[in-house]
Amino acid sequence: ASATFSLRDWTITARGNHVMTRVSGPKHRIDVTFTASGEAVARDQPHGVIGQSFRSATPRNGKVDLYPVAGSFTTSAMAEGAIEGTAAMYEVMSPFTTSFAFSRFAAESREVPA
């Protein structure tokens, strides 16, 4: 099952899936897809880990983990190289706080070249 929400130049799709080759833990996961369209509105003052991926029209690839075939694994790739700064710089103090190192909630809108 899936749900799609659209608002202005954004479309967000949430899709439920099974966890493949599950050993333990949750049996289901939610995959979320963000799509921007229209003028460059989506690239006007992007911020946050997701917003950084819309900062430019070209893909932004960062550090990638190499997963072992078997055994325990702890991720170390935290979007480094694809985002400004480090993942820890995007942490907020509480669920409704908008203040973090790269927050642009209070920034003025700017013209984006075509």
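Residues numbered from 1 in each chain as written. Predicted model: local features only at pLDDT ≥ 70, side-chain atom pairs only at ≥ 80, totals over all residues. Heavy atoms only, no water.

Chemist: Before we move on, can you summarise the environment of Val19 with the specific residues and values?
Modeler: Along the polypeptide, Val19 turns up in the loop between strand S2 (10-18) and strand S3 (28-36). Considering only alpha carbons, one finds Val19 and Ile30, 11 residues apart in sequence, at a separation of 9.5 Å. In contact with Val19, not counting residues within four places along its chain, are Pro26, Lys27, His28 and Arg29. (Helix = DSSP H or I, 4+ residues; strand = E, 2+ residues; numbered from the N terminus. Contact = heavy atoms within 4.5 Å.)

Chemist: Before we move on, can you summarise the packing of aromatic side chains with the specific residues and values?
Modeler: Enumeration over the complete set of coordinates arrives at two aromatic pairs. Seen in terms of ring centroids, Tyr67 and Phe73 are 4.9 Å apart; in terms of plane orientation they differ by 50 degrees. Their pairing is tilted. The exposure class assigned to Phe73 is partly exposed, which follows from its relative accessible area of 35%. Note on Tyr90 and Phe100: the rings are 5.7 Å apart at their centroids and 35 degrees apart in plane angle, and the pair reads as tilted. Of the two residues, Tyr90 is situated in the segment after helix H1 (48-52) and Phe100 in the segment after H1; the sequence distance between them amounts to 10 residues. Residue Phe100 is classed as buried on the basis of its relative accessible area, which comes to 15%. (Phe/Tyr/Trp six-rings, centres within 6.5 Å; stacked < 30°, edge-to-face > 60°. Buried < 20%, exposed > 50% of the residue type's maximum accessible area, 1.4 Å probe, protein only.)

Chemist: Give me the pattern of salt bridges: which residues, what numbers.
Modeler: Summed over the entire model, instances satisfying the criterion amount to two salt bridges. Arg29 is paired through a salt bridge with Asp31; the nearest N and O atoms lie 2.9 Å apart. Of the residues examined, Arg29 reaches a relative accessible area of 36% and is grouped as partly exposed. (Salt bridge = Lys/Arg side-chain N within 4 Å of Asp/Glu carboxyl O.)

Chemist: Tell me about the sheet that holds S2, residues and numbers included.
Modeler: Strand order in the open sheet formed by three strands is S1-S2-S3, and the pairing between neighbours is antiparallel. Edge positions in the sheet fall to strand S1 (2-7) and S3, since each of these pairs with one other strand and no more. Between one strand axis and the next, the sheet turns by 15 degrees as a mean value, whatever way the strands run. As paired elements, S2 and S3 share nine bridges and run antiparallel to each other. Note on S3: the bridge partner recorded for Asn17 is Arg29. (Pairing = 2+ DSSP bridges. Axes fitted to C-alpha atoms, helices over the stretch in contact; angles between N-to-C directions.)

Read these as geometric descriptors, not functional statements.
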